[in-house]
Amino acid sequence: MLLINAGAVDADGGAAGCEVADWMAYDKQVREAGILVSGESLADLVTATTVRVDRDGRRTVTDGPFAETREILGGFYVIDVPDLDAALDWAARCPGARAGGSVVVRPVAEFGG
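On a predicted model such as this, the values are computed, not experimentally measured, just so you know.

(A) Quick peek at the environment of Ala48. Among the structural elements, Ala48 can be located in the loop between β2 (36–41) and β3 (49–53). For Ala48, a relative accessible area of 22% corresponds to the partly exposed category. The spacing of Ala48 and Thr62 is 14 residues in sequence and 8.8 Å in space, taken between C-alpha atoms.

(B) Structural context of the sheet that holds strand β1 (residues 2–6). With antiparallel pairing, four strands are arranged side by side in an open sheet as β2-β5-β1-β6. The open sheet has two edge strands, β2 and β6 (102–105), and neither has a second partner. If you compare each strand with its neighbour and ignore which way they point, the axes differ by 20° on average. One ladder, built from five bridges, connects β2 with strand β5 (residues 72–79); its direction is antiparallel. Each bridged residue has a counterpart across the sheet, and for Glu40 the counterpart in β5 is Phe76. Against the sheet, helix α1 (residues 20–32) makes contact with β1, β2 and β5, and its axis sits at roughly 25° relative to β5, the strand it touches most. Against the sheet, helix α2 (residues 84–93) touches β1, β5 and β6, its axis set at about 160° to β6.

(C) A look at α2. What α2 keeps buried is the set Ala86, Ala87, Trp90 and Ala91. Taken around the axis of α2, the buried residues stretch over an arc of 140°, which confines them to a single face. Residues of α2 that are exposed and angled more than 90 degrees away from the buried face: Leu84, Asp85 and Ala92. In this structure, the buried residues of α2 make contact with β1, α1, β5 and β6. With a side-chain oxygen positioned 3.2 Å from the backbone nitrogen of Asp85, the residue opening α2 is Asp83.

(D) Here's a closer look at the pattern of salt bridges. Counting across every chain of the model gives five salt bridges. In this structure, the salt-bridge partner of Arg58 is Asp54, at a minimum N-O distance of 3.2 Å. What makes Arg58 exposed here is its relative accessible area of 51%. Among the ionic contacts, a cluster of salt bridges with common partners joins Asp54, Asp56 and Arg58.

Cut-offs used in this document
Residues numbered from 1 in each chain as written. Predicted model: local features only at pLDDT ≥ 70, side-chain atom pairs only at ≥ 80, totals over all residues. Heavy atoms only, no water. Helix = DSSP H or I, 4+ residues; strand = E, 2+ residues; numbered from the N terminus. Buried < 20%, exposed > 50% of the residue type's maximum accessible area, 1.4 Å probe, protein only. Pairing = 2+ DSSP bridges. Axes fitted to C-alpha atoms, helices over the stretch in contact; angles between N-to-C directions. Contact = heavy atoms within 4.5 Å. Arc of directions from axis to C-beta. Polar contact = N/O pair within 3.5 Å; in protein donor to acceptor, adjacent residues only side chain to side chain. Salt bridge = Lys/Arg side-chain N within 4 Å of Asp/Glu carboxyl O.

See below:
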């Protein structure tokens, strides 16, 4: 899985330094390579809601993500590639890795059965 983190957002809420055309081209490359399993762009950060459950089972719902991070999770791709090196190559091509952003590469856990 490629987790796409924007280092900053522009006035329109998009990843700073990434044009829509960049994302369209990358998406096309991933699809044409036949490695796309799934992928989504997340809605604007202002639509986020955070849920926490305390030890007594009571939940608290808060508007916004309120994450203690400067990066903003903007979306993801799940790709099917043969090894970590191939995943790193695709992560490096991703527009989200530019302009202070990052792409975290993690395997999807398999739970048998």
